[in-house]
Amino acid sequence: MDLQRDLLPCPLLFRFEDDSRICDVSRRVGRRSAAKRHWMTWCNEGVSCLYELYGHAPAAPLAGFSVGQRDALDRISQAYCKVGRPPVDVSSSAGAFEALCGAKVSCYSNEVLEDFGKPTPYQAGMVSLPPLFARPARLNTLLQGRELSMWEEWRTHLLQGASMNCQEASSATFNHQQIYSDVSRVKRPMVYASFVNELVQRRVVVLKPVRASTVGIFFVRKHDQSLRMIFDTRYVNSQFRSPSKTVLPSPAAWSRVELAEADALHFSQSDVQAAFYRIALPEDLQDYFVLPQVRTDSIPGLSAAERAQLGSFCSPCMNTLPMGWSWAVFFCQAAVEAGFRIAGASSSAAVLDRGPAQCIDGAACIHAVYVDNFAAVSTSASGACSMITRVKHILEEHGLGCHDVESGVNCDFTGLSFDGSRGIISVTPRRIWRLRMAITHALNRGHMTGDQMRCLLGHFTWSALVRRESLAIAHACYAFVASQADGSGKLWPSVRRELRWMSGLLPLLYHDMRTT
């Protein structure tokens with residue numbers, strides 16, 4: 001019997017018998033069987049998608065396997081099996097679609113919310129903030145060169161030309177009703193005052209005599225169910241120049257990492273807790289970020305002299321870096337990168353988008369900084385751990401408190417999953433499941449707006465960067481976005497086919513560092 005030499009076309013991996021026998025087993029056994037069959041069915045779907053992309057309709061299974069086909073199918077089945085079951089917090093396709101494509105209720109439809117997700121009402125004690133009385137970090141002790149000059153001479157480097165005072169500009173050109181804030185600020189003023197008092201105690205804001213508000217405040221839910229505090233800084237951002245590009249370790253950057261064949265990788269990582277609110281603003285920059293006013297007598301702990309100076313109402317002004325300001329990510333990234341510089345790490349060892357390929361050989365150690373998250377990767381467990389421990393110590397000495405160092409052969413970092421024993425970098429199962437369920441919901445609905453398709457394509461593109469050839473899947477989807485720029489339309493057959501390919505091939509979006 002002759003076996004073909006090409007990998008494609010290849011047969012489906014799994015055959016399923018009549019489902020009627022499942023009815024004769026217990027509910028628990030039935031659930032386990034269904035879960036197992038799901039990833040097998042998904043695997044068959046992925047092989048069918050590869051066959052369609054190859055340019056042929058599915059055919060009958062082959063009479064036999066070549067050695068190359070058997071190895072390829074083994075790798076494929078491992079990738080689908082490794083995804084596992086859906087995470088508990090990704091339980092419905094409608095919820096996944098809403099989270100990724102920005103389907104929001106009308107009161108949250110403001111464009112300021114697009115980058116941060118669906119707002120969540122304020123809950124006392126749930127907001128991620130620095131510890132009480134924590135002293136914010138002064139960046140002039142961390143930064144150097146260009147970043148230090150931009151920080152210390154911000155009026156020259158950051159402001160739009162000869163910008164007038166923020167308060168003068170706001171009274172002349174801005175409608176303050178456009179500023180978005182959490183509804184509790186209006187409906188529960190005492191709750192808002194209590195929260196402002198907490199921000200004062202944690203040195204996130206300082207109180208100043210009343211003035212026009214320039215920023216709003218709202219909250220979004222984090223993965224650990226705590227709340228992230230976000231500021232509507234659209235007006236303030238208009239007073240500043242567009243920020244310099246922040247170069248991050250993208251999936252494409254990680255896909256250029258190479259590993260010697262016999263080596264296993266070790267990872268160590270940490271992150272700065274509430275990073276933005278641990279970085280002190282220059283004092284004269286505070287007046288650009290003014291929160292809604294609050295009654296002075298609702299803030300406890302103020303002396304009589306302080307109350308007299310503030311008046312009946314006072315304005316909380318940001319004492320720390322506001323998340324939402326256009327330059328906040330740039331300076332937070334620069335602060336953490338400075339920790340690696342002080343620790344003696346080489347800039348050439350940083351994993352960066354559009355940067356050079358990195359080769360991990362011997363005791364070499366590479367590192368990555370993603371805003372407030374940082375990690376080191378090495379074939380030496382002690383080398384990776386000692387690097388992150390040094391950086392953590394340096395950052396904490398400067399006032400940037402960090403979470404404990406996590407080390408191991410397997411880890412998740414900024415949406416990617418690292419398997420050091422196999423040398424595999426892939427999209428995390430949670431992201432895979434959320435994107436698959438969102439695509440499933442889109443296919444079931446049968447219609448989408450151009451903005452929703454654009455968001456879905458953005459999430460797929462990010463995942464596909466770890467396996468760049470998969471970017472060729474989407475073509476008709478982009479034409480659909482252009483055709484539905486201002487409305488909603490039925491999904492074309494070609495769009496449905498591409499969405500099905502995206503969903504079917506998600507577990508294959510991984511990079512094998514040993515085969516580069």
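Everything quoted here is computed from the prediction, not taken from an experiment.

## Quick look at the sheet that holds strand S14 (residues 424–427)
In step 1: Read from one edge of the open sheet, four strands run S12-S13-S14-S17, paired in antiparallel fashion. At either end of the open sheet lies a strand with only one pairing partner, and these are strand S12 (410–413) and strand S17 (510–512). Going across the sheet, the axis of each strand differs from the next one's by a mean of 15°, ignoring polarity.
In step 2: Here S12 pairs with strand S13 (residues 416–419) via four bridges, running antiparallel. Residue pairing for S13: Asn-410 is matched across the bridge by Asp-419.

## Comments concerning the pairing of S13
Looking down a regular strand, the side chains alternate between one sheet face and the other.
In step 1: Neither face of S13 is open: one carries Leu-416 and Phe-418, the other Ser-417 and Asp-419, and all of them are buried.
In step 2: The turn joining S12 and S13, which pair antiparallel and follow one another in sequence, is formed by two residues; a positive phi near 50° is taken by Thr-414.
In step 3: Bridge count between S13 and S14: four bridges; the pairing is antiparallel. By the bridge assignment, Phe-418 is partnered in S14 with Ile-425.
In step 4: Connecting the antiparallel pair S13 and S14 is a turn made up of four residues, with Gly-423 showing a positive phi of about 70°.

## Comments concerning the pattern of salt bridges
Pairs can form between side chains of opposite charge once their charged atoms are near each other.
In step 1: Per the stated rule, a full pass over the model turns up 15 salt bridges.
In step 2: For Arg-500, the salt bridge identified is with Glu-52, shortest N-O distance 3.0 Å. Of this pair, Arg-500 sits in helix H17 (residues 493–505) while Glu-52 is found in helix H1 (residues 27–54), placing the two residues 448 residues apart along the sequence.
In step 3: On the basis of relative accessible area, Glu-52 is assigned to the partly exposed category, the value being 22%.
In step 4: Between Arg-155 and Asp-284 there is a salt bridge whose closest N-O contact spans 3.9 Å. Of this pair, Arg-155 sits in helix H5 (residues 154–157) while Asp-284 is found in the loop between strand S5 (266–271) and strand S6 (294–295), placing the two residues 129 residues apart along the sequence.
In step 5: Salt bridges sharing common partners tie together Asp-71, Arg-75 and Asp-512.

## Looking at the sheet that holds strand S9 (residues 365–370)
In step 1: Spatial strand order, S9-S10-S5-S11: four strands in an open sheet with antiparallel pairing. Edge positions in the open sheet fall to S9 and strand S11 (406–408), since each of these has one partner strand only. Taking each pair of neighbouring strands and ignoring which way they run, the sheet shows an average axis angle of 15°.
In step 2: Its contacts with the sheet put helix H12 (residues 328–343) on S9 and strand S10 (373–378), and the angle it makes with S9 is roughly 160°.

## As for the packing of aromatic side chains
In step 1: In the structure shown here, the tally under the stated rule is 22 aromatic pairs.
In step 2: Pairing Trp-325 with Phe-331 gives two aromatic rings, centres 6.4 Å apart and planes at 20°, and the pair type is stacked. Considered together, Trp-325 and Phe-331 belong to a single accessibility category, that of buried residues.
In step 3: In textbook terms, an aromatic cluster arises when at least three aromatic residues are bridged by ring pairs, as seen for Trp-151, Trp-154, Phe-240, Tyr-288, Phe-289, Trp-325, Trp-327, Phe-330 and Phe-331.
In step 4: Above the plane of the ring of Trp-462 lies Arg-431, whose end atom (NZ or CZ) is 4.2 Å from the centre.
In step 5: Above the face of the Tyr-510 ring, Arg-467 is positioned so that its terminal group lies 5.6 Å from the ring centre.

## Regarding the nonpolar core
In step 1: Met-229, Phe-240, Leu-321, Trp-325, Phe-331 and Phe-374 are the most contacted members of the largest nonpolar core, which has 77 residues in total.
In step 2: Among the elements that line this core, the one with the most residues is H12, at 10 residues.
In step 3: Leave out the neighbours within four places in its chain, and Phe-331 touches Leu-139, Leu-143, Glu-147, Met-150, Trp-151, Leu-158, Leu-321 and Trp-325.
In step 4: If you look at the next biggest cluster of nonpolar residues, it comprises 68 residues, including Cys-49, Phe-97, Cys-477 and Leu-509.

Rules and cut-offs
- Residues numbered from 1 in each chain as written.
- Predicted model: local features only at pLDDT ≥ 70, side-chain atom pairs only at ≥ 80, totals over all residues.
- Heavy atoms only, no water.
- Pairing = 2+ DSSP bridges.
- Helix = DSSP H or I, 4+ residues; strand = E, 2+ residues; numbered from the N terminus.
- Axes fitted to C-alpha atoms, helices over the stretch in contact; angles between N-to-C directions.
- Buried < 20%, exposed > 50% of the residue type's maximum accessible area, 1.4 Å probe, protein only.
- Salt bridge = Lys/Arg side-chain N within 4 Å of Asp/Glu carboxyl O.
- Contact = heavy atoms within 4.5 Å.
- Phe/Tyr/Trp six-rings, centres within 6.5 Å; stacked < 30°, edge-to-face > 60°.
- Lys NZ or Arg CZ within 6 Å of the ring centre and 35° of its normal.
- Core = buried A, V, L, I, M, F, W, Y, C linked by side-chain atoms within 4.5 Å.

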